[in-house]
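Here is what each chain is made of, one letter per residue.
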Amino acid sequence: MQNIGITLLFIVLTIGLFWFMRNLYQRYPFAFFHPVLTTTIVICVLLVQLQIPYTTYMEGGQWLERLLGPAVVALAYPLYNQRTVMMRYKEAIILGISTGLITAMGSIILFAKLYKIEKEMIYTLLPKSMTTPVAIQLSESISGIPTLTAVFVMIAGFSGIIIGPLVMKWTGIEQPIGKGLALGSAAHALGIAKSTEYGELALSMASVSMTLSAIMGAFVGPILVYII
Amino acid sequence: MKKKIYIKILLILVQIIFLYGLSILGNLIVSLLNLPIPGSIVGLLLLFMGLHTNIIPVTFIQEGAGFILVVLPLFLIPSTVGVIEYPELLSIRGVMLILMVMVSTFLTMIIVGRVSTFREKKEEV
């Protein structure tokens, strides 16, 4: 009976906090007010202060986590809606996301070899450019640490939208197609949100490239794990 | 008016259950074939093919898919909260890993942006 209470408490707490933080973010749309970031910080502080172990929190949390599966399946819907744009720019898209995937995963493997990072951490870092729900699930499939993967995905996303626009400016990436593809394949959902500033086409490109690189990455990641 | 809202909520629920079913089907396929990829990705591909071939009409999933994608960030929180189990992220090694992720992100953006821009210019000529 007590367990059901704890389960419900953590589910309601997470949903309530998230809902509040999302409203806050809608009013003050700064990157650091992103609801996932703020909700995570508040819950972490609460758990540490009240000395509640993570496993206890997860008695409720696991029920929310289970919905990641159907949410990933649902990504087919926006991809389907973008199919006309996808076909129209298919060459730039295929070229962009495949080189992006090679760079994103290749550079991690290269750095990891250079600094002698252990295998488990490489597997954890490998999905870092993918959209978080897929990254978490891929990390699990290739025996990384899903929680740390989620943190690295957020770091990739935030650096991609905060410093990324400057990097693109310095390197002469000006066209909406290039900007959209770069943001979607390197900074996932956060990149999509940022790409709205560069117009409709950039937004479509970011959205398509996020989903396609997640799908491709889910197949390429395990192959790389097998090779290294 | 109120009745309409109930019907919509019911529709969303039923459609999410359908998406859940696809994700379970994906997991089943992945475990049968012994593949190290997430089952939900197989579910995504099944749904995309279903929509593309009109076997699954868009109206069959659009309410549920739209809703679940809007609230998706909520489902990430249990994973991100797990960071309290890894205080070593705030060590020198942790900072190094974070820097690695950042550099890799910028490299990816530059390469993707340049490659597709190059492509775009070529098409203009």
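By convention here, each chain's residues receive numbers from 1 onward along its written sequence. Note on labels: chains are lettered from A, ligands numbered from 1, in written order. Residues qualify for local features only when their pLDDT is at least 70, as the model is predicted, and side-chain atom pairs are given and counted only at 80 or more; totals for whole chains, interfaces and linings, by contrast, use all residues. Hydrogens are left out, water is left out, and the side-chain values use all remaining heavy atoms of the structure.

Let's talk about the environment of A:Phe32
Labels follow the DSSP assignment, with helices taken as runs of H or I lasting at least four residues and strands as runs of E lasting at least two, numbered in each case from the N terminus. Tracing the backbone through its elements, the reader meets A:Phe32 in the loop between helix H1 (2-27) and helix H2 (35-49). C-alpha separation for the pair A:Phe32 and A:Ile6, spaced 26 residues apart in sequence, amounts to 30 Å.

A look at helix H3 (residues 62-81) of chain B
Given the number of residues in a helix, its expected span is that number minus one, multiplied by 1.5 Å. Taking 1.5 Å of rise per residue, the 20 residues of H3(B) would be expected to cover 28 Å, and the 30 Å separating its terminal C-alpha atoms lies within 8% of that figure. The angle separating two fitted axes, one through the seven residues that finish at a residue and one through the seven that start at it, defines the bend at that residue. Along H3(B), the largest kink reaches about 50° and is centred on B:Val71; proline B:Pro73 follows within four residues of it.

Some words on the packing of aromatic side chains
Residue and element names in this part refer to chain A. Any two rings among Phe, Tyr and Trp, with Trp reduced to its six-membered ring, count as a pair given centres within 6.5 Å; such a pair is stacked if its planes are under 30 degrees apart, edge-to-face if over 60, and tilted if neither. Using the criterion set out here, one finds six aromatic pairs over all chains in the structure. Both rings, one in phenylalanine 32 and one in phenylalanine 158, keep their centres 6.3 Å apart while their planes meet at 10°; by these two values the pair is stacked. Here phenylalanine 32, found in the loop between H1 and H2, pairs with phenylalanine 158, found in helix H10 (residues 146-162); they are 126 residues apart in sequence, far enough to count as distant. Three exposure classes are used, based on accessible area relative to the maximum for each residue type with a 1.4 Å probe and protein chains only: buried under 20%, partly exposed in between, and exposed over 50%. The buried category is assigned to phenylalanine 158, whose relative accessible area is 9%. Among the aromatic residues, those joined into a ring-pair cluster are Tyr28, Phe30 and Phe33. Note on criteria: charge over ring means Lys NZ or Arg CZ within 6 Å of the ring centre, with the direction from the centre no more than 35 degrees off the ring normal. Looking at arginine 66, its charged tip hangs above the ring of tryptophan 63, at a distance of 4.4 Å from the centre. The side chain of arginine 83 reaches across the aromatic face of tyrosine 80, ending 3.9 Å from its centre.

A few points about the nonpolar core
Within the largest apolar cluster, 105 residues are counted, with the highest numbers of intra-cluster contacts made by A:Tyr57, A:Phe152 and B:Leu47. For this analysis, residues touch if any pair of their heavy atoms sits within 4.5 Å. Beyond its immediate stretch of four places on either side in the chain, A:Tyr57 contacts A:Phe10, A:Thr14, A:Ile43, A:Leu47, A:Ile52, B:Ile77, B:Pro78 and B:Val81. Among buried residues, the Ala, Val, Leu, Ile, Met, Phe, Trp, Tyr and Cys ones that are joined through side-chain atoms within 4.5 Å form a nonpolar core.

A look at the domain arrangement of chain B
Domain boundaries in chain B define domain 1 (1-82) and domain 2 (86-125). In this structure, domain 1 of chain B and domain 2 of chain B have C-alpha centres spaced 30 Å apart. The start and end points of each domain follow an automatic or database-based domain assignment.

Overview of the interface of chain B and chain A
At the junction of the two partners, chain B supplies 68 residues and chain A supplies 92 residues. Summed over both sides, the interface between chain B and chain A buries roughly 7200 Å², with carbon and sulfur atoms accounting for 81% of that surface. Salt bridges, as used here, are contacts in which a Lys or Arg side-chain nitrogen is within 4 Å of a carboxyl oxygen on Asp or Glu. For the pair chain B and chain A, the interface holds one salt bridge. Residues B:Arg93 and A:Glu118 are paired through a salt bridge, measuring 2.8 Å at the closest nitrogen-oxygen approach. Two N or O atoms count as a polar contact when they lie within 3.5 Å, although within protein this holds only if one can serve as hydrogen donor and the other as acceptor, and sequence-adjacent residues are included solely when both atoms are side-chain atoms. Scanning the region where chain B abuts chain A turns up 11 residue pairs in polar contact (both at pLDDT 80 or more). Of the residues forming the side of chain B that touches chain A, the biggest block, 26 residues, is contributed by helix H4 (residues 92-124) of chain B. In this description, buried area is defined as the sum, over both parts, of the accessible area (probe of 1.4 Å) that is lost when the two are combined.

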